[in-house]
Amino acid sequence: IEKNIGIAQMPQAGVAIGLALALYHHPEFTQLGEWVLSIVIAATAINEVIGPYFLKIALFRANEVYSKKD
């Protein structure tokens, strides 16, 4: 499990978006917040597309999921 935890965490992006929004709405960091928010949303979109696939790989490598045998 320890070997695969990194790719298993790929779909966890809600906290990153929340923190980027908090930075964006802070009056002292508005310009930096726009830049950070754009990067975080782009990275999150990519991770949400490929994240479930990597989670599946991690679960199979850790022998936590077994394929159906008919």
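Preceding this paragraph is the structure being described.
Summarised in this report is the structure supplied together with it. (Residues numbered from 1 in each chain as written. Predicted model: local features only at pLDDT ≥ 70, side-chain atom pairs only at ≥ 80, totals over all residues. Heavy atoms only, no water.)

Let's shift gears to the overall build of the protein chain. Scanning the protein chain for helices and strands turns up 3 helices and 0 strands. In sequence order, the protein chain lays out its α and β elements as α-α-α. With 70 residues in all, the protein chain has 16% of them scored as buried. Counting every atom, the protein chain has about 5700 Å² of accessible surface; 63% of that belongs to carbon and sulfur. (Helix = DSSP H or I, 4+ residues; strand = E, 2+ residues; numbered from the N terminus. Buried < 20%, exposed > 50% of the residue type's maximum accessible area, 1.4 Å probe, protein only. Areas by Shrake-Rupley, 256 points an atom, 1.4 Å probe, with all protein chains shown as cover.)

There is a patch of nonpolar side chains on the surface, built from Phe-29, Leu-32, Trp-35 and Ile-39 and spanning about 410 Å² of accessible area. On the accessibility criterion, Phe-29 (35% relative accessible area) is partly exposed. (Patch = residues over 30% accessible without salt bridge, like charges linked within 9 Å, V, L, I, M, F, W, Y side chains within 5 Å. Salt bridge = Lys/Arg side-chain N within 4 Å of Asp/Glu carboxyl O.)

Attention now goes to the packing of helix H2 (residues 14-25) against helix H3 (residues 30-61). Interhelical geometry of H2 versus H3 gives an angle of 165 degrees and a closest axis separation of 8 Å. Relative to H3, H2 is oriented roughly antiparallel. Once H2 is placed against H3, the crossing between them reads as left-handed. Residue-level contacts link Ala-16, Ile-17, Ala-20, Leu-21, Leu-23 and Tyr-24 of H2 to Thr-30, Gly-33, Glu-34, Val-36, Leu-37, Val-40 and Thr-44 of H3. In the contact of H2 with H3, the residues fall into 9 nonpolar, 3 polar and 1 charged. (Axes fitted to C-alpha atoms, helices over the stretch in contact; angles between N-to-C directions. Parallel < 35°, antiparallel > 145°, perpendicular 65-115°, else oblique. Left-handed = near helix turned anticlockwise from the far one by under 90°. Contact = heavy atoms within 4.5 Å. Nonpolar A, V, L, I, M, F, W, Y, C, P; charged D, E, K, R; others polar.)

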